[in-house]
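Here's the letter readout for the chains.
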Amino acid sequence: MRRSGAPRTGPDAGAAAMAATFFGEVVRAPCRAGTEDEEEEEEEGKRETAEDREVRRQLARKREVRLFRRQTKTSLEVSLLEKYPCSKFIIAIGNNAVAFLSSFVMNSGVWEEVGCANLWNEWCRTTDTTHLSPAEAFCVFYHLKSSPSVVLCQCSCYVAEDQQYQWLEKVFGSCARKNMQVTILTCRHVTDYKTSESTSSLHSPFLKALKTQNFKEPPCCSLLEQPNIVHDLPAAGVLSYCQVWRIPAVLYLCYTDVMKLDLITVEAFKPILSSRSLKGLVKNIPQSTEILKKLMTTNEIQSNIYT
Amino acid sequence: MFVPCGESVPDLAGYTFLMPAVSVGNVGQLAMDLIISTLNMCKIGYFYTDCLVPMVGNNPYATAEENSTELSINAEIYALPSKKLVALQLRSIFIKYKSKPFCEKLLSWVKSSNCAKVIVLSSSHSYHRNDLQLRSTPFRYLLTPYVQKSIQTKITSLNWEEMEKSPCIPEINDSEFCIRIPGGGITKTLYDEGCSKEIAMVILLKFVSEGDNIPDALGLVEYLNEWLQILKPCCDDPTASALRWKMPSSWRLLFGSGLPPALF
């Protein structure tokens, strides 16, 4: 498996952790093993005062993941899937995956909101989740009114690494649910895809899949080849959880060169429409394509720098 | 926590527990990859933890199409019952402030499993070496006081160099001396935790720099092999020794994708 952290290439492949730049000054090169922080952490731990500990506790409280119902403004006392047991859990992470589910799945049938995650971190500073504008980052859970055992999550906010496991626990709970199937949709930039050819020769966007041992269906696209890995959150977290607790799950990963909302990238998820998890949930594809085009134009207007 | 792959929890009493520290050059982890791949160790479970950044991918030790689709996560346990070896492989970095809780939880589990001893494969920044260390072998060992006398005797007979103590505060002349492993990640924490939990722990490390650390990993497994004799000893020829260890398929493209031909 590839180690986490950026690969070292070319001339500085043999460099020490102190490296000389072209201009001759010595700089501290980052350590791939991420160990610099470890030593600082240890030192910090020794020098920490009661005040520091209190600050850290308050920060941890601010960064806590909370799940609640917007309609009643009450928090969920148990995990989401304990309160709403499901046989199908579909989660879209990132704006393109979210747009795909909005246009192709959520436009057919009536979906009722069952929960919303309140997260605060450096990238996602949502404090007031009762009045979210469409452009803001969010993490909302729905179930299908006609078949409440189908639960869907639209997650367009950034879940930090220290919040990841809390998020998993608040959604899945501590006891594994085996009678469900999980489908995860997300995107990555094509330069993350490792191949012996150059990435510039790849025809993106393209779809790759990763599945847990208990997922027996054939996936809708080819599997992600070694040495590629998925480490973004919460996709990697959800799939790891499912593998460990033997829940059938599949992750569909779209490699694209456009990370912002893009029609071609969203359409690259179309092969999934024929999968068992989404069949029956998708009714009108031409209408969905229209909805998607409308979504694109709304977004484009909002991103006009002159308004 | 340990979650077995199968229905039953395997009995690890008397086993040797091998693990890497996430350290400079990822040498410990690369060495673990070589051991698991060469010995064709079987996955027996996961160490499911909230202390490591999550990651998933297909089987890193795949040898054929059939075994390439098994999903792997960030912390997995492999075993070789014929040699009473159990190995932990770590594939991602620690979440901030979680490295100490991880060491505590892991060693509690290892102790309750009644493993005979723990071996940690690690590395340390080579630029931190003092003059004496620069002139000697780059390999070092460190033992907790609970290591069996027989192992201590064997290691002494191998003429290995013990990790030297260095000044706790390098800038101060009359500073106290203690064990410091710069760039060693959780190595020191594991050592301290091992001492406090009275665990027999042997730490093997190499002084390295960041770069292509495959030769360092090969060096470290050969160093371990001098003692444990996992593979039959062979001549001193480094090329011959490199060939004995099987590099896993996941080591392809370690330095990125292919280059665009237009570059040249």
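Residues numbered from 1 in each chain as written. Chains lettered and ligands numbered in written order. Predicted model: local features only at pLDDT ≥ 70, side-chain atom pairs only at ≥ 80, totals over all residues. Heavy atoms only, no water.

Draft legend 1. Structural detail: the overall build of chain A. Along its length, chain A carries 8 helices and 12 strands. Split into buried and exposed, the 307 residues of chain A put 51% on the buried side. Looking at chain A alone, contacts between residues at least 24 apart form 75% of all its contacts between residues at least 6 apart. For chain A, the computed accessible surface area is about 14900 Å², with 54% contributed by carbon and sulfur atoms. (Helix = DSSP H or I, 4+ residues; strand = E, 2+ residues; numbered from the N terminus. Buried < 20%, exposed > 50% of the residue type's maximum accessible area, 1.4 Å probe, protein only. Contact = heavy atoms within 4.5 Å. Areas by Shrake-Rupley, 256 points an atom, 1.4 Å probe, with all protein chains shown as cover.)

Draft legend 2. Structural context of the side chain of Gln-133 of chain B. All names here are of chain B. Position of Gln-133 relative to the elements: it lies in helix α3 (residues 131-135). Look at Gln-133 and you get buried, because its relative accessible area is 7%. Contacts of Gln-133, omitting those with residues within four sequence positions, involve His-128, Arg-140, Glu-164 and Phe-207.

Draft legend 3. View of the packing of helix α2 (residues 99-112) of chain B against helix α5 (residues 187-196) of chain B. Residue and element names in this part refer to chain B. Where α2 contacts α5, the two axes come as close as 10 Å, and the packing angle between them is 45°. Judged by the angle between their axes, α2 and α5 are oblique. In the crossing of α2 with α5, the sense of the turn from one axis to the other is right-handed. Residues Lys-100, Cys-103, Glu-104 and Leu-107 of α2 touch α5, and the partners they reach there are Thr-189, Leu-190, Glu-193 and Gly-194. In the contact of α2 with α5, the residues fall into 3 nonpolar, 2 polar and 3 charged. (Axes fitted to C-alpha atoms, helices over the stretch in contact; angles between N-to-C directions. Parallel < 35°, antiparallel > 145°, perpendicular 65-115°, else oblique. Left-handed = near helix turned anticlockwise from the far one by under 90°. Nonpolar A, V, L, I, M, F, W, Y, C, P; charged D, E, K, R; others polar.)

Draft legend 4. Region of the structure containing the packing of aromatic side chains. Applying the stated criterion across every chain yields a total of 20 aromatic pairs over all chains. Put simply, the rings of Phe-89, Tyr-165, Phe-172, Tyr-241 and Trp-245 of chain A together with Tyr-48 of chain B pair up and form one aromatic cluster. Between the NZ or CZ atom of Lys-62 of chain A and the centre of the ring of Trp-120 of chain A, over which it lies, the distance is 4.1 Å. Lys-96 of chain B extends its terminal NZ or CZ atom over the ring of Tyr-97 of chain B, reaching a point 5.2 Å from the ring centre. (Phe/Tyr/Trp six-rings, centres within 6.5 Å; stacked < 30°, edge-to-face > 60°. Lys NZ or Arg CZ within 6 Å of the ring centre and 35° of its normal.)

Draft legend 5. Layout of the interface of chain B and chain A. Taken together, the 69 residues of chain B in the interface contact 61 residues of chain A. At the surface where chain B touches chain A, the tally comes to 1 salt bridge. Between Glu-7 of chain B and Arg-246 of chain A there is a salt bridge, and its shortest N-O distance comes to 2.9 Å. Linking chain B with chain A are 16 residue pairs in polar contact (both at pLDDT 80 or more), by the criterion used here. Of all the secondary-structure elements, those providing two or more residues to the side of chain B that touches chain A are β1 (2-4), α1 (27-38), β4 (56-58) and β5 (71-72) of chain B. Looking at the side of chain B that touches chain A, its residues break down into 31 nonpolar, 28 polar and 10 charged. With 2 bridges joining them, strand β11 (residues 229-230) of chain A and β4 of chain B adopt antiparallel strand pairing. (Salt bridge = Lys/Arg side-chain N within 4 Å of Asp/Glu carboxyl O. Polar contact = N/O pair within 3.5 Å; in protein donor to acceptor, adjacent residues only side chain to side chain. Pairing = 2+ DSSP bridges.)

Draft legend 6. Region of the structure containing the state of the cysteines. Within this structure, the stated rule accounts for 1 disulfide over all chains. Here Cys-168 of chain B connects covalently by a disulfide to Cys-178 of chain B, the sulfurs 2.5 Å from one another. Remark: Cys-178 of chain B occurs in strand β11 (residues 177-178) and Cys-168 of chain B occurs in the loop between β10 (166-167) and β11; sequence separation between them is 10 residues. Of the residues examined, Cys-168 of chain B reaches a relative accessible area of 30% and is grouped as partly exposed. Of all cysteine sulfurs, the one in Cys-254 of chain A lies closest to Cys-187 of chain A, which takes part in no disulfide; the gap is 4.5 Å. You can call Cys-187 of chain A buried: its relative accessible area is 9%. Its sulfur unpaired, Cys-51 of chain B is 8.8 Å from the next cysteine sulfur, which belongs to Cys-103 of chain B. (Disulfide = S-S within 2.5 Å.)

Draft legend 7. Local environment of the packing of helix α5 (residues 164-172) of chain A against helix α6 (residues 235-244) of chain A. Residue and element names in this part refer to chain A. The contact between α5 and α6 brings their axes to 10 Å, and the two run at 55°. Put simply, α5 runs oblique to α6. In this structure, α5 meets α6 at a crossing whose hand is right-handed. Here Gln-164, Trp-167, Leu-168 and Phe-172 of α5 come into contact with α6, specifically with Gly-237, Val-238 and Tyr-241.

Draft legend 8. View of the environment of Ala-99 of chain A. All names here are of chain A. Along the chain, Ala-99 falls in helix α4 (residues 95-104). By relative accessible area, Ala-99 is classed as buried at 2%. Apart from residues no more than four positions distant in its own chain, Ala-99 is found in contact with Leu-261, Val-266, Leu-292 and Leu-295.

Draft legend 9. Focus on the pairing of strand β2 (residues 16-20) of chain B. All names here are of chain B. The element β2 is extensively covered by neighbouring structure, given that 5 of its 5 residues are classed as buried. Burial of the side chains of β2 extends over both faces: Thr-16, Leu-18 and Pro-20 are buried on one face and Phe-17 and Met-19 on the other. The pairing of β2 with strand β8 (residues 117-125) spans 5 bridges and is parallel. Across the sheet, Leu-18 pairs through a bridge with Ile-119, a residue of β8.

Draft legend 10. View of α5 of chain A. Residues and elements named next belong to chain A. Every buried residue of α5 is accounted for by Gln-164, Tyr-165, Trp-167, Leu-168, Val-171 and Phe-172. Down the axis of α5, the buried set is contained in an arc of 155°. They therefore lie on one face. Where α5 ends, the next residue or the one after it, Gly-173, has phi of about 85°, a positive value. (Arc of directions from axis to C-beta.)

Draft legend 11. Representation of the sheet that holds β1 of chain B in the model. Residues and elements named next belong to chain B. Across the sheet, 8 strands lie side by side as β1-β3-β6-β7-β2-β8-β12-β9; this open sheet has mixed pairing. The sheet terminates laterally at β1 and β9 (139-143), the two strands that pair on one side only. Averaged over all pairs of adjacent strands, the angle between strand axes in this sheet comes to 25°, irrespective of strand direction. In terms of strand pairing, strand β3 (residues 42-47) meets strand β6 (residues 75-80) through 4 bridges, oriented antiparallel. Note on β6: the bridge partner recorded for Cys-42 is Ala-79. Lying on the sheet, helix α4 (residues 149-157) is in contact with β8, β9 and β12 (201-208); it crosses β9 at an angle near 160°.

Draft legend 12. Structural context of the sheet that holds strand β6 (residues 111-118) of chain A. Residue and element names in this part refer to chain A. Read from one edge to the other, the open sheet built from 9 strands follows the order β4-β3-β6-β7-β8-β5-β9-β12-β10, with strand pairing classed as mixed. Each edge of the open sheet carries a strand with a single partner, namely β4 (74-75) and β10 (206-211). Pairing of strand β3 (residues 66-69) with β6 involves 3 bridges; the strand directions are antiparallel. For Leu-67, the partnering residue across the bridge sits in β6 and is Ala-117. Here α4 sits on the sheet in contact with β5 (88-93), β8 (147-155) and β9 (181-189), set at roughly 145° to β8.

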